[in-house]
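# Close look at the chain arrangement
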Amino acid sequence: MKATLTTLLWLLQCNNLLLLRATAFSLKAPVEPKKTFLQRVDQFLTKLQKPEEQRDAYLYLQGNYAPVSEEHTNVPVEVVSGELPSTLDGLLVRNGPNPDNTLMNKKRYHWFDGHGMLHCLRLQNGRATYTNQFVPSARYKIEKQLGEEYFATLGEFKGFPGLIKAVISYSLARDYISDLNTVAPPNTSCLMYNNKFYCLNEGNIPLECKLLPDGRLEYIGYETFNSVLDFPISAHPRIDNKGDLLFHSYTTNVETIEEQGTMKVGRYCSEQQKIVSYFVPTEDKSYVSFAHNLIFTDNYSIIWDCSVHFDTTAMFEGGSYFKTKPEFNLRFGIVPKYATSKEETVWIDTGGPGAIVHPLNSWEEEDGTIVIWTPFCEDLNLDLDTDEINTFLMMEYRLDPSTGTVIDRQTIDSNMNVEFSVVATMGKKVRYGYTAIQCQSTPGEGTFSGFCIWDMGERRMHKAIYYQDGEVGGEPIVIKDDVSRKEYVGVYTCLFEDQTYFVLFDGENGEEVTRLKMPHRVPFGFHGLWLSGEELSGHHSHISWKEIRSSFEN
C-alpha cells in the first residue's frame, strides 16, 4: 500500500509538473455535453474541500495579489514626476498568475495556479501606453469555453480528496488536451528568441504567441523544436553570447524518470536552427532536486543539484511539495557548451547544504576560473502559507572546472536579504547587477521593499534603494536605452494596495528618473522582460513574413 501510494503521489506532484511527451497541441471537442463520471467525481471532491473557505482567507487572492478581470488595450499612461527618456524605445512585458473570476466551480487555489496575464508597457518618444491580456493558452481557452475551472490545481492536492483528484487528473486533462506538457498555465516568464515570442511555465513546453504592436497576444502554438523536446523547458532558458538557446528542466513523472532521468539539459544552435545537444546530466534517479534556473559562461552551461527535493508527504502533512533535505549538499553541474553526454558534465560539491533560485551572473576569468554571483539560502522553505521569510545572502563562488573543486566562497554582504536577480548581460563580467530586497514588512512572496545595486567589479554592494513608506515593489527589470546606451531599472510598485505605479530608476546611482501612474491596477506577479524596439520590429517582420508564406502555401 505504501509503495502504491508513493507511486501515485510521484505521478501527480502538482499541476505545474504533469509531464509526458511533447507533441503538437491538440484541443479535443468533448465527447458529449453531459459531464462524464470522472468529471462529476471531481466536482464532488471539490465541494468536499470547501474551496470558498480557503480562497476567502488566502493571502495570494487578497490586496494587490487579487486578480484583475478586465483587459485593456493601448491605454495612455500618465507621467506624474520626471520625464521618460525620449530615446527609450521598447516594450516591457511582465507575466504573472491571474485567475479568471468569471469562471464557475472554483477550486482550491495556490498562487502558481492562476492563468497567465501579460502586462505590457510600451515606451516610445517619451510617452507610455498600457495593455493587459490573459495569455491565450490551451488551458485558458478551454476553461473559458466551459465557463468553469476544470483542470487540476496545485491548491487542491491536499488530503484524501486531493489524492483522488491527483489520480484522475490525467484522464480529466486528456478529455480536452492530448499533450499534458501543455496543460500548466504559462504564467511565469517570457522569452524572445529567433524573433519568436514565448510565454513560459516550469511544467510546460513553451507557448508561442504573436505579440501585436499594441501589446495584445494571439495564439500560435506550442514549441517542440521539430518534435525533439520530450521534457518541458523551465521558465528561465538563456540566450548565450553566440545566440544559442540554453535550456534545461526537471521532472517528477515516474515513467520519464525511469526511462531517462530527473533532469535534462539542452542547446539549440542558432546557426544550424536545431537542437544539437540534449541529454540527462546526472545518473541519480533516487530524488528530484528543485533546479529552477540556469546560468552560463562563454564555455559552459551551469545547472545545480540543490538540497531542496520533491517530497510527497506534503499531500497529507501540508507545506510545499519541495522540502529542504540538509543531508544533501548543493552541487554545481558544469556542462561544456558542446557536450553531448552526462560523462562530460563536471559536478562540483560545495561542501554544504543550500539552495539557489534566481542567480545574478556568472563568467570565466582569464585563468579559466568560473565565478558565480548568486543569492544563496541555506534552509529554503517554499511553503507559501508560512509567515517565515527565507534569508538569501549574496554569495560569490569561484570554481575550478578542471579539478572539479570550489576554489573559494565568499559572502559579499551579510546584512541584505535579496532575491529575484537581474543583470543586463549574463555570461560576461559586467559591473552592475540588481536584486530585490526581501523584508518581513512586505505582504508575501514576490513583494519587496526596494532593490540593491551590486558592483561585481569591486565585489561589494554598491547601493540599496528603498521605496516610499507604504509602497511595495515587484521584480526589478533591466531596461537598456539602445541610443544613449544608458541602463535603467524598472519596477512596478503598489502604494497602499490600490494604486500601481511604474518607476524608472538610474541603473548606476539608483535615483528615480520618472514615475508613471498606471491607469489600472497591476497585481503582483513573477518575471518581466524588456524588448527593445529593434526586437519588436524583428518579431513583427517575422510574423508578417510567416503569414505571407502561409497564405501562398494555402
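Residues numbered from 1 in each chain as written. Predicted model: local features only at pLDDT ≥ 70, side-chain atom pairs only at ≥ 80, totals over all residues. Heavy atoms only, no water.

A word on the overall build of the protein. Check the secondary structure of the protein and you find eight helices and 33 strands. Taken over C-alpha atoms, the radius of gyration comes to 23 Å for the protein, in line with the 24 Å a tight globule of 554 residues would show. For the protein, the spread of C-alpha atoms along the three principal axes comes to 65 × 55 × 55 Å. Scored against the burial criterion, the 554 residues of the protein give a buried share of 59%. Within the protein, residue pairs in contact and separated by at least 24 positions form 64% of the contacts whose partners lie at least 6 positions apart. Between the centroid of the 51 positive side chains of the protein and the centroid of its 74 negative side chains there is a distance of 5 Å. (Helix = DSSP H or I, 4+ residues; strand = E, 2+ residues; numbered from the N terminus. Rg over C-alpha atoms; globule rule 2.2 N^0.38 Å. Buried < 20%, exposed > 50% of the residue type's maximum accessible area, 1.4 Å probe, protein only. Contact = heavy atoms within 4.5 Å. Lys, Arg positive; Asp, Glu negative; His and termini not counted. Charge placed at Lys NZ, Arg CZ, Asp CG, Glu CD.)

Our next topic: the environment of W530. Relative to the helices and strands, W530 resides in strand β33 (residues 528-532). Given the relative accessible area of 9%, W530 is considered buried. A C-alpha to C-alpha distance of 9.7 Å links W530 and M192, two positions 338 residues apart in sequence. Residues contacting W530, with those up to four places away along its chain left out, are L88, D89, G90, L91, L92, L123, I477, V478, I479, K480 and E535. Side-chain polar atoms of W530 contact the backbone oxygen of K480, separated by 3.3 Å. (Polar contact = N/O pair within 3.5 Å; in protein donor to acceptor, adjacent residues only side chain to side chain.)

With that settled, the discussion passes to the side chain of S189. Tracing the sequence through the fold places S189 in strand β6 (residues 189-193). Note on S189: relative accessible area 4%, which makes it buried. Setting aside anything within four residues of it in sequence, one finds S189 in contact with N95, Y198, C199, L200, A235 and H527.

If you check helix α2 (residues 37-48), its first and last C-alpha atoms are 17 Å apart, about what 12 residues at 1.5 Å a residue would give, namely 16 Å. Listing the buried residues of α2 in full gives Q39, D42, L45 and T46. Down the axis of α2, the buried set is contained in an arc of 125°. They therefore lie on one face. Along α2, exposed side chains directed more than 90 degrees from the buried face belong to F37, F44 and K47. (Expected span 1.5 Å × (residues − 1). Arc of directions from axis to C-beta.)

Ordered by their spatial adjacency, four strands build an open sheet running β10-β11-β12-β13, and the pairing between neighbours is antiparallel. With one partner strand each, in any of the chains shown, β10 (238-239) and β13 (274-279) form the two edges of the open sheet. Relative to strand β11 (residues 245-250), β10 runs antiparallel, the two being bridged by two bridges. Bridge pairing in β11 places I239 opposite L245. (Pairing = 2+ DSSP bridges.)

Turning to a negative patch on the surface, a few remarks are in order. Taken together, the side chains of E283, D284, E343 and E344 make up a negatively charged region of the molecular surface. With respect to the helices and strands, the residue E343 is situated in the loop between β18 (331-336) and β19 (346-349). Take E343: its relative accessible area is 59%, and that puts it in the exposed class. (Patch = residues over 30% accessible without salt bridge, like charges linked within 9 Å, V, L, I, M, F, W, Y side chains within 5 Å. Areas by Shrake-Rupley, 256 points an atom, 1.4 Å probe, with all protein chains shown as cover. Salt bridge = Lys/Arg side-chain N within 4 Å of Asp/Glu carboxyl O.)

Turning our attention to the packing of α2 against helix α5 (residues 159-174). For the pair α2 and α5, interaxial distance at closest approach is 10 Å and the crossing angle is 150°. Comparing their axes, α5 and α2 come out roughly antiparallel. Crossing handedness for the pair α2 and α5: left-handed. Residues L38, Q39, V41, D42, L45 and T46 of α2 form the contact with α5, whose own contacting residues are P161, I164, K165, I168, S171 and L172. Looking at the contact of α2 with α5 residue by residue, the classes come out as seven nonpolar, three polar and two charged. (Axes fitted to C-alpha atoms, helices over the stretch in contact; angles between N-to-C directions. Parallel < 35°, antiparallel > 145°, perpendicular 65-115°, else oblique. Left-handed = near helix turned anticlockwise from the far one by under 90°. Nonpolar A, V, L, I, M, F, W, Y, C, P; charged D, E, K, R; others polar.)

This next bit is on the sheet that holds strand β26 (residues 450-455). Taken in spatial order, the four strands make up an open sheet running β24-β25-β26-β27, and their pairing is antiparallel. The sheet is open, and its two edges are formed by β24 (418-423) and β27 (460-466), each paired on a single side. Looking at each pair of strands side by side, their axes are set apart by 25° on average, direction ignored.

With 61 residues, the main nonpolar core has F332, W373 and W454 as its most contacted residues. Per-element accounting of this core gives the leading share, five residues, to strand β21 (residues 370-376). Beyond its immediate sequence surroundings of up to four residues, F332 is in contact with I302, I303, W304, V346, W347, I348, T350, I356, I372, Y397 and L399. With 42 residues, the next largest nonpolar core counts F151, Y176, F225 and Y278 among its residues. (Core = buried A, V, L, I, M, F, W, Y, C linked by side-chain atoms within 4.5 Å.)

A few words now on empty space enclosed by the protein. For the coordinates displayed, the defined rule picks out seven cavities of 30 Å³ or more. Empty space within the largest cavity amounts to approximately 130 Å³. If you trace the largest cavity, you find 17 residues lining it, with R94, G474, E475, Y492 and G525 closest to the centre. Residues that form the lining of the largest cavity fall into these classes: nine nonpolar, six polar and two charged. Reported here for the second largest cavity is a volume of approximately 90 Å³. Taken together, P99, D100, L103, Y109, D113, G114, H115, R139, E143, E149, F151 and T153 make up the full set of residues lining the second largest cavity. (1 Å grid on protein atoms, 1.4 Å probe; cavity = no way out; pocket = protein on both sides within 12 Å on 5 of 7 lines; lining within 4 Å. Points joined across faces, edges and corners; volume = space filled by probe spheres on them.)

In this section: the packing of aromatic side chains. A complete count under the given rule lists 29 aromatic pairs for this structure. Aromatic pair Y250 and F290: ring centres 6.4 Å apart, planes at 75°, arrangement edge-to-face. Linking Y250 in strand β11 with F290 in the loop between β13 and β14 (295-296), this pair joins segments that are 40 residues apart in sequence. Looking at Y250, the relative accessible area reads 3%, which means it is buried. Assessed through its relative accessible area of 10%, F290 is described here as buried. For the pair F376 and Y397, a centre-to-centre distance of 6.5 Å together with 70° between the ring planes defines the contact as edge-to-face. In this pair, F376 sits in strand β21 while Y397 sits in strand β22 (residues 393-400), placing the two residues 21 residues apart along the sequence. F376 sits in the buried class, given a relative accessible area of 7%. What makes Y397 buried here is its relative accessible area of 0%. Joined through ring pairs, the aromatic side chains of Y58, Y60, Y65, Y109, W111, F112, F524 and F526 make up one cluster. K264 extends its terminal NZ or CZ atom over the ring of Y278, reaching a point 4.2 Å from the ring centre. (Phe/Tyr/Trp six-rings, centres within 6.5 Å; stacked < 30°, edge-to-face > 60°. Lys NZ or Arg CZ within 6 Å of the ring centre and 35° of its normal.)

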